[in-house]
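# Fold and geometry: a report
Spelled out, the chains give:
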Amino acid sequence: MAVAEATPPGRDFIRDIVQADLDAKRHTTVVTRFPPEPNGYLHIGHAKSICLNFGIAEEFGGRCHLRFDDTNPTKEEQEYIDAIERDVRWLGFDWGKHLFHASDYFERLYQWAEDLIRAGKAYVDDQSQDAMRASRGTLTEPGRNSPYRERAVAENLDLFRRMRAGEFPNGARVLRAKIDMASGNINLRDPVLYRILHANHPRTGTQWSIYPSYDYAHGQSDAIEGITHSICTLEFEDHRPLYDWFLDNIAVPSRPHQYEFARLNLTYTILSKRVLTELVRGGHVGGWDDPRMPTLAGLRRRGVPAEALRDFIRRIGVAKANSVVDMAMFDHAVREVLNKSARRRMAVLRPLKIVIENYPEGQSEELEAINHPDDPSAGTRKIRFGRELYVERDDFMENPPKKFYRLSPGKEVRLRYAYFVTCREVIKDGAGEAVELRCTYDPATRGGNAPDGRKVQATLHWVSAEHSVASEVRLYNPLFMSPSPDAANFATDINPNALEVLADARVEPALAQGGNSPEAVQFERQGYFCLDPDSKPGKLVFNRTVGLRDTWAKVSGAKGA
RNA sequence: UGGGGAAUAGUUCAACGGUAGAACAGCGGACUCUGACUCCGUUAAUCUAGGUUCGAAUCCUAGUUCCCCAGCCA
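None of these values were measured; they are calculated from a predicted model. (Residues numbered from 1 in each chain as written. Chains lettered and ligands numbered in written order. Predicted model: local features only at pLDDT ≥ 70, side-chain atom pairs only at ≥ 80, totals over all residues. Heavy atoms only, no water.)

Attention now goes to the environment of S221. For S221, the position within the fold is in helix α7 (residues 214-225). Judged by relative accessible area, which is 1%, S221 ranks as buried. Measuring from C-alpha to C-alpha, the distance between S221 and P256 comes to 9.8 Å, with 35 residues separating the pair along the chain. Those residues within four positions of S221 in sequence are excluded, and the remaining contacts are R67, A102 and Y105. (Helix = DSSP H or I, 4+ residues; strand = E, 2+ residues; numbered from the N terminus. Buried < 20%, exposed > 50% of the residue type's maximum accessible area, 1.4 Å probe, protein only. Contact = heavy atoms within 4.5 Å.)

Now the structure itself:
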């Protein structure tokens, strides 16, 4: 069961159908299923399907099954099975005892295939794959009947049993449904029900040497489980007549119906298992859980809360029109959740040293900082102030443009929770790069307010040079440079700056306490971050989940940091 | 040129013969010890052409554009 959503679930055409079926008493309970093939990791596109299927079951008081569509042992692995279960749970859904596999039904599917043969509705075809392709016809021309199409029932039965017994090599024969080689719908041109595959199946081992096709297995599996609404993506729309054909020609225990919706697409993102697999295998990313990946594992490691993902899915709705959702929509959903929950901390990503000349050497003091501006119960913490500090390099400009509110020579700003400071002098290296600022502070502004009421334009985050902790910070940008990347040429579109490693960041000591808790934090004025599992006791690694909205970056035309 | 789908603000989704609305993005402003958050305001759409109707995004006709299908993948 998912945690309660802050906002009610949306309405969509599928929920309307479910409601109508319930109203018309066509069903008493709703049963849906999420049917992943364990040949890769789940991604954000699957999250849409998961939220739809589990969400509907929950809202209408029904149930949702997790069913592995494991009909192709040449592509499926146990690692993926485990990852899928982990990811669905993390997303916030529970299938209870309703965990199934298409392979649970192999024997029944096989018997039904024999039934079809006996009824003269299926036959064993000896044609080569090429010959079959050639006789299938084209989009505009009908196909031709196989020379084996009128084989006697007894011979079909014998050959099919021998296929099962493993007497023939891979590809030697297939079992096909006898439907209509002239159909305008190519799925109905005598589709393959079984192919010979001498392969080791993650669950059934070498017990089988023939495996059912997706089309043959899916609807019947639905029927066995009593699925009422079998929800899938648009590309299966023209498989529906075949889905129905099997259910109409086999003595199935229930009669499910298939409905199709448009899959999710996101700007700057490719959601194709083939491409994601290649990204991993080709070493373009660190793994399936690389935070640059749109996988649930990657998003989780990046720090995206499951709640934000669910909320995002709810916002984008469900329809039948192909669409591409703006990544900004996703970022917004993430920020919305994190803004409410994340504790505030200070961290300097690209440090620039400042020395407070009128602050006593060898001295430091504690100041109080609040942990969450909108949640007093989050409490406060102490932060250390001293003579030598770090501020963000981007917060200083020697020759600032008009609207630059931050530090520049002669300018006074506030250091958050601390004092007003004024930049007096810029120390540069040989290349003319500022390496240190000499500043003064006003002791009367302790805590951040001036008794004389004078204002400053900016408040900067900072850390103590002595007390802060050196850390690594990893910033993430879109994996692809193009807003609509082409899956066929993805390699040339990979963004070389998708991962930016900041090796010399300095974070306030509070971030080094509390061990490796994955809790999300906000680095003030920067974004939301979480601890990466690469962190070690002496070396913390933070991932930027998403940056804060940055109006200044837009105004200044700076590239997104 | 066969079969199956889809077209509404920049984007995603509503409106189910009766005032075209929301969210995100954008723009302007208020507030602010985060150029964040929050709040206020605002720009902006029915693929085209006919028809039916008192009234059409919705129904009809004809077009246009886009997506999917010729795996022994799912």
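Quantified by volume, the second largest pocket comes out at close to 910 Å³. As for the second largest pocket, its lining consists of 32 residues, and the residues nearest its centre are P35, E37, E235, F236 and K273. For the lining of the second largest pocket, the secondary-structure elements that each account for two or more residues are β1 (31-34), α2 (44-59), β6 (192-196), α7 and β8 (229-233). Of the residues in the lining of the second largest pocket, the class split is 11 nonpolar, 12 polar and nine charged. (1 Å grid on protein atoms, 1.4 Å probe; cavity = no way out; pocket = protein on both sides within 12 Å on 5 of 7 lines; lining within 4 Å. Points joined across faces, edges and corners; volume = space filled by probe spheres on them. Nonpolar A, V, L, I, M, F, W, Y, C, P; charged D, E, K, R; others polar.)

Turning next to the packing of aromatic side chains. Tallied over the full model, the rule gives 23 aromatic pairs. In this structure an aromatic cluster arises from ring pairing among F106, Y110, F160, Y194, W208, Y211, Y216, W245 and F246. Over the ring of Y110 we find R164, and its NZ or CZ is 4.4 Å from the ring centre. Positioned above the aromatic ring of F168, the side-chain terminus of R173 is 4.1 Å from the ring centre. (Phe/Tyr/Trp six-rings, centres within 6.5 Å; stacked < 30°, edge-to-face > 60°. Lys NZ or Arg CZ within 6 Å of the ring centre and 35° of its normal.)

It is worth spelling out the protein's contact with RNA strand B at this point. As a structural note, the neighbourhood of RNA strand B is formed by 65 residues, with R344, R406, R414, G447 and Q522 the closest of them. A share of 64% of the atoms of RNA strand B within 4 Å of the protein falls on sugar and phosphate groups. Between Y405 and RNA strand B, the recorded distance is 2.9 Å, taken from a backbone N or O atom to a base oxygen. A per-element tally of the surface near RNA strand B places helix α12 (residues 327-341) first, with four residues. Taken together, the residues of the surface near RNA strand B sort by class into 21 nonpolar, 22 polar and 22 charged. (Near = heavy atom within 4 Å. Polar contact = N/O pair within 3.5 Å; in protein donor to acceptor, adjacent residues only side chain to side chain.)

Before going further, it helps to examine helix α4 (residues 106-118). For α4, built from 13 residues, the straight-helix expectation of 18 Å at 1.5 Å per residue is met to within 8% by its first-to-last C-alpha distance of 19 Å. Turning to α4, its buried residues are F106, L109, Y110, W112, A113, E114, L116 and I117. Following α4 by one or two positions, G120 has its phi on the positive side, about 75°. (Expected span 1.5 Å × (residues − 1).)

It is worth spelling out the nonpolar core at this point. In terms of nonpolar packing, the biggest core is built from 39 residues, with I44, I50, V88, L91 and F312 touching the most fellow members. Elements supplying a minimum of two residues to this core: α2, β2 (63-68), α3 (78-91), α10 (296-302), α11 (306-316) and α12. Split by domain, the residues of this core number at least three in each of domain 1 (13-101 + 216-267 + 303-329) and domain 4 (469-556). Among the nonpolar cores identified, the runner-up in size contains 36 residues, and F106, L116, A122 and F160 belong to it. (Core = buried A, V, L, I, M, F, W, Y, C linked by side-chain atoms within 4.5 Å. Domains from an automatic or database assignment.)

Bringing the packing of α11 against α12 into the picture now. Where α11 contacts α12, the axes come no closer than 8 Å and their chain directions differ by 135°. By the angle between their axes, α11 is oblique relative to α12. Pair α11 / α12 crosses with right-handed handedness. For the pair formed by α11 and α12, the contact residues are E307, A308, L309, D311, F312 and R315 on the first element and M329, F330, H332, A333, V334, E336 and V337 on the second. (Axes fitted to C-alpha atoms, helices over the stretch in contact; angles between N-to-C directions. Parallel < 35°, antiparallel > 145°, perpendicular 65-115°, else oblique. Left-handed = near helix turned anticlockwise from the far one by under 90°.)

A few words now on the confidence of the model for chain A. Caution applies to low-pLDDT parts of the model: their predicted coordinates are not meant to be read in detail. Across chain A, pLDDT averages 95, with 97% of residues at or above 70. In this model, residues 1-7 is a region of pLDDT below 50 whose contacts with residues beyond four sequence positions or in other chains number 12 contacts. In the model output, the complex is listed with pTM 0.96 alongside ipTM 0.97. (pLDDT = per-residue confidence, 0-100.)

On to α12. Given a rise of 1.5 Å per residue, 15 residues ought to cover 21 Å, and the 22 Å separating the end C-alpha atoms of α12 matches this to within 8%. Residues of α12 that are buried: F330, A333, V334, V337 and L338. Projection of α12 onto a plane perpendicular to its axis shows the buried side chains occupying an angular sector of 120°, all on one side. Close packing links the buried residues of α12 with α2, α10, α11, β10 (343-345), β24 (527-531) and β25 (540-547). Between the side-chain oxygen at the start of α12 and the backbone nitrogen of A328 there is a gap of 2.9 Å, and the oxygen is on D326. (Arc of directions from axis to C-beta.)

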